[in-house]
Amino acid sequence: MQRGHEFSIFAGPTELMNSTRGGSEEALAHLACARLGGVRAPRVLIGGLGMGFTLRAALAVLGPEARVTVAELVPAVAAWARGPLAAVFAGCLDDPRVDLRDVDVNRLIQSGPAAWDAILLDVDNGPEGLMRRENDRLYDGWGLGRAHWALRPGGVLGVWSGAPDRKFKARLQRFGFAVEEVRPRSGGRSGARHVVWLATRAVAAPR
């Protein structure tokens, strides 16, 4: 849906994304990528393209040697990014550091051990998903164990959520992560408060 320069994406009556309210998604990238300052050529995996808020914010923080892989399972989202939402994306998909993949982010997480310096998940409204039951696998014990395995020591798993979830925070800790919870606003300084978990991989293997 378009209203002037404002775009919205709906699933039935539920608004999933709005081009004027991406502050918390930007915070996900800023906070996670800021922790990679000591990594010369970080490899970052982003689950979910959305309206590009997380991707653009990550590119603004990361240096020229970084490599950012974006997994987007819905081809229409990538088509919108190069079509009616091109002004919103501001050419970020043409950045040479970016590799957009039409694949489930779970497959890339499982592609190899210690493969990523950061994994940023903005998939299906967080641990309490709305769209696909398969997305729950990213946030259960199995998924967190694989994320821990896929991160390099000191790597960061960043997770965006529309709402708090104490059980999920405890699950992160149980699977070998040191966890910080941040509550950024959707509009930057205004709007609804969302949740970003920054989970740093400990050196020891998860229990």
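Here the structure is shown first, and the text comes after it.
Overview of the structure. It should be emphasised that the depicted structure is a prediction, and the values quoted were computed from it without experimental measurement.

**Brief notes about the overall build of the chain**
Thinking step 1. Assigned secondary structure in the chain consists of seven helices and ten strands.
Thinking step 2. Burial status across the chain gives 48% buried among its 207 residues.
Thinking step 3. In the chain, the proportion of contacts linking residues at least 24 apart, taken out of those at least 6 apart, comes to 71%.
Thinking step 4. Total accessible area computed for the chain in this model is approximately 10000 Å², and 51% of it derives from carbon and sulfur atoms.

**Here we look at the sheet that holds strand β9 (residues 177-182)**
Thinking step 1. Spatial strand order, β6-β5-β4-β7-β8-β10-β9: seven strands in an open sheet with mixed pairing. The open sheet terminates on both sides in strands that have one partner only, identified here as β6 (98-101) and β9. Along the sheet, successive strands turn relative to each other by an average axial angle of 15°, direction set aside.
Thinking step 2. In this sheet, strand β8 (residues 151-161) lies alongside strand β7 (residues 116-121) in parallel orientation, the contact comprising five bridges. The residue bridging A118 from the neighbouring strand is V156, located in β8.

**Notes on the nonpolar core**
Thinking step 1. By size, the foremost hydrophobic cluster in this structure holds 32 residues, and its most contacted members are L55 and L120.
Thinking step 2. At five residues, the largest contribution of residues to this core is made by helix α2 (residues 53-61).
Thinking step 3. Apart from the residues within four sequence positions on either side, L55 is in contact with I46, L49, V68, V70, C92, L93 and V98.
Thinking step 4. The next biggest cluster of nonpolar side chains, apart from the first, holds 27 residues, and it includes L108, I119, V123 and F168.

**Remarks on helix α1 (residues 23-33)**
Side chains that are three or four residues apart share a direction in an α-helix, a result of its 3.6 residues per turn.
Thinking step 1. Among the eleven residues of α1, eight are classified as buried, and the element is accordingly described as predominantly covered.
Thinking step 2. G23, S24, E25, A27, L28, A29, A32 and C33 are the residues of α1 that are buried.
Thinking step 3. Taken together, the buried residues of α1 touch α2, β7, β8 and β10 (195-201).

**Considerations on the packing of aromatic side chains**
Thinking step 1. Counted by the stated rule, this structure contains two aromatic pairs.
Thinking step 2. Ring plane angle 80° and centroid distance 5.8 Å describe the contact between Y139 and F168, whose orientation is recorded as edge-to-face. Here Y139 is found in the loop between β7 and α6 (141-150), whereas its partner F168 is found in helix α7 (residues 166-174), with 29 residues between them in sequence.
Thinking step 3. Between the aromatic rings of F168 and W197, the centroid separation amounts to 4.9 Å while the plane-to-plane angle is 65°, which identifies the pairing as edge-to-face. Taken together, the positions of F168 in helix α7 and W197 in strand β10 put the pair 29 residues apart, joining distant regions of the chain.

**Overview of the side chain of H194**
Thinking step 1. Secondary-structure assignment places H194 in the loop between β9 and β10.
Thinking step 2. Owing to a relative accessible area of 14%, H194 belongs among the buried residues under this scheme.
Thinking step 3. A distance of 2.7 Å separates the side chain of H194 from the side chain of S24, its partner in a polar contact.
Thinking step 4. With sequence-adjacent residues up to four places away left out, H194 is seen in contact with S24, W160, S161, G162, V182, R183, P184 and S186.

Definitions and limits used
- Residues numbered from 1 in each chain as written.
- Predicted model: local features only at pLDDT ≥ 70, side-chain atom pairs only at ≥ 80, totals over all residues.
- Heavy atoms only, no water.
- Helix = DSSP H or I, 4+ residues; strand = E, 2+ residues; numbered from the N terminus.
- Buried < 20%, exposed > 50% of the residue type's maximum accessible area, 1.4 Å probe, protein only.
- Contact = heavy atoms within 4.5 Å.
- Areas by Shrake-Rupley, 256 points an atom, 1.4 Å probe, with all protein chains shown as cover.
- Pairing = 2+ DSSP bridges.
- Axes fitted to C-alpha atoms, helices over the stretch in contact; angles between N-to-C directions.
- Core = buried A, V, L, I, M, F, W, Y, C linked by side-chain atoms within 4.5 Å.
- Phe/Tyr/Trp six-rings, centres within 6.5 Å; stacked < 30°, edge-to-face > 60°.
- Polar contact = N/O pair within 3.5 Å; in protein donor to acceptor, adjacent residues only side chain to side chain.

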